[in-house]
Amino acid sequence: MSETPVTTDLSANENPLGPSPKALAAIESAMVGLNRYPDRSCARLKAALAERLGVDREQLAIGNGSCELLELAVRALVRPGQSVVIGTPGFPAYRGVVQRAGGKVRLVPARSYFDDLDAMLAQIDETTPLVVLGNPTNPAGTLSGRERLMGFLRRLPAGVTLILDEAYHDYVDTREYPDAVDLQRAGWPVIALRSFSKAHGLAGLRVGYAVAAPDVIARIETGHQQFNTNTLAQAAALAALDDEAHLWMSVGLNRVGRGELFQGLAARGLNPVPSQASFILFPVAHAASLAGRLAERGVLVKRLARYGLDDHVRVSTGMPEDHCRFFEALDGVLGESEGVVAVRSACPVLGG
Ligand SMILES: Cc1ncc(COP(=O)(O)O)c(C=O)c1O
């Protein structure tokens with residue numbers, strides 16, 4: 001039996017505009033040097049980031065995607081048996097890296113799709129070296145605003161570090177957003193993680209960076225192999241950083257797309273969650289069935305059982321024509337399967 005070809009992939013929060021043209025040109029120029037090893041110190045990329053962010057190079061680590069840095073930071077800070085506090089639903093990698101490091105995961109249920117920072121604080125004990133927070137979160141796309149996060153940091157026990165995963169940082173458009181790099185610069189015990197996979201459109205090359213105190217960065221960097229980011233990735237990230245036009249086009253497209261998806265889902269009574277990221281979450285009974293039926297029509301969305309949410313679906317922003325195909329497929333499924341795809345009520349308090 002032949003499978004339906006995928007016409008529209010809205011499952012992985014990738015940049016629908018593609019990579020920056022400047023990054024593609026930089027890759028082409030760098031190709032002639034591929035007989036040489038990469039610059040293991042990522043000197044040019046670090047210098048550019050240091051200038052852009054107003055931090056020292058010693059406060060920066062470059063990784064094979066921000067997920068590598070997440071793993072390295074957890075390995076550097078967590079000893080077997082220690083507990084790490086994480087909000088749920090959340091990015092499954094957080095749980096995975098803690099488990100691989102031999103740590104114990106303490107999952108704290110979100111309230112109405114927002115991480116419950118008070119409950120997370122209450123879960124910290126004397127064996128806790130680390131809390132991991134996505135800001136914005138994946139899969140809800142909500143964020144912890146400045147006031148709530150500052151209240152959390154003020155009450156964070158001494159010796160506990162907060163990883164703030166800002167993979168979707170560029171898409172945020174509220175002034176309430178607390179910038180993790182600012183917090184790091186101000187001396188809070190924060191590790192900021194950022195990615196070139198999203199708004200910069202370089203997911204396939206794997207580049208991310210961490211901003212943290214120099215001693216933490218030194219510990220992170222001793223954990224990776226010497227050539228963890230390749231020549232093309234470094235060249236492309238450096239060029240993408242300089243391509244403000246592509247970044248702003250990506251951010252603008254996402255803002256419009258987010259609104260379009262939200263309104264389209266709301267108009268169908270599907271109670272989407274307002275998002276600050278590049279995707280929209282919505283509750284639906286029999287989510288796996290909905291995702292499967294959309295896939296049969298060539299449209300991929302994200303099933304979330306691994307995220308701790310098997311009654312929701314997440315759809316990434318795409319090009320306007322992707323949204324048309326998504327809604328066309330969705331209407332087809334909803335039309336033929338009343339009851340199978342029963343609409344869930346908005347904003348339940350989410351369980352763990
Ligand atoms: C919250 C979050 N953090 C990190 C990542 C991965 O980033 P990278 O591609 O830089 O490893 C993702 C990717 O989907 C994500 O959703």
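Residues numbered from 1 in each chain as written. Predicted model: local features only at pLDDT ≥ 70, side-chain atom pairs only at ≥ 80, totals over all residues. Heavy atoms only, no water.

The name given to the protein in an unreviewed UniProt entry is Aminotransferase, with Thiorhodococcus minor as the source organism. Listed under Cofactor (unreviewed entry) in UniProt, the entry text for the protein is "pyridoxal 5'-phosphate". (UniProt positions renumbered as here; feature names shortened; annotations may be inferred.)

> Help me get a handle on the pattern of salt bridges, residues and values and all.
On inspection of all chains with the given rule, the structure shows 15 salt bridges. Residue Arg255 is joined to Asp173 by a salt bridge in which the shortest nitrogen-to-oxygen separation is 3.1 Å. In this pair, Arg255 is assigned in helix α10 (residues 244–267) and Asp173 in the loop between β6 (161–165) and α7 (180–185), connecting sequence segments 82 residues apart. Assessed through its relative accessible area of 36%, Asp173 is described here as partly exposed. Several salt bridges share partner residues, and in doing so they unite Glu166, Asp179 and Arg194 into one network. (Salt bridge = Lys/Arg side-chain N within 4 Å of Asp/Glu carboxyl O. Helix = DSSP H or I, 4+ residues; strand = E, 2+ residues; numbered from the N terminus. Buried < 20%, exposed > 50% of the residue type's maximum accessible area, 1.4 Å probe, protein only.)

> Go over the pairing of strand β9 (residues 279–283), please, and point to the residues and values.
Looking down a regular strand, the side chains alternate between one sheet face and the other. Most of β9 is tucked away: five of the five residues are buried. The alternating pattern of β9 places Phe279, Leu281 and Pro283 and Ile280 and Phe282 on opposite faces, both of which are buried. Inspection of the sheet shows β9 paired to strand β12 (residues 312–316) by five bridges, in the antiparallel sense. Bridge pairing in β12 links Ile280 to Val315. (Pairing = 2+ DSSP bridges.)

> Describe the packing of helix α2 (residues 43–53) against helix α9 (residues 231–241), with residues and values.
Taken N-terminus to C-terminus, the directions of α2 and α9 make an angle of 25°; their axes are 9 Å apart at the nearest point. As far as their axial angle goes, α9 and α2 are roughly parallel. Considering how the two elements wind past one another, α2 and α9 form a crossing that is left-handed. Across the interface between the two elements, Arg44, Leu45, Ala48, Leu49 and Arg52 of α2 pack against Ala237, Leu238 and Leu241 of α9. In terms of residue class, the contact of α2 with α9 is made up of six nonpolar, no polar and two charged. (Axes fitted to C-alpha atoms, helices over the stretch in contact; angles between N-to-C directions. Parallel < 35°, antiparallel > 145°, perpendicular 65-115°, else oblique. Left-handed = near helix turned anticlockwise from the far one by under 90°. Contact = heavy atoms within 4.5 Å. Nonpolar A, V, L, I, M, F, W, Y, C, P; charged D, E, K, R; others polar.)

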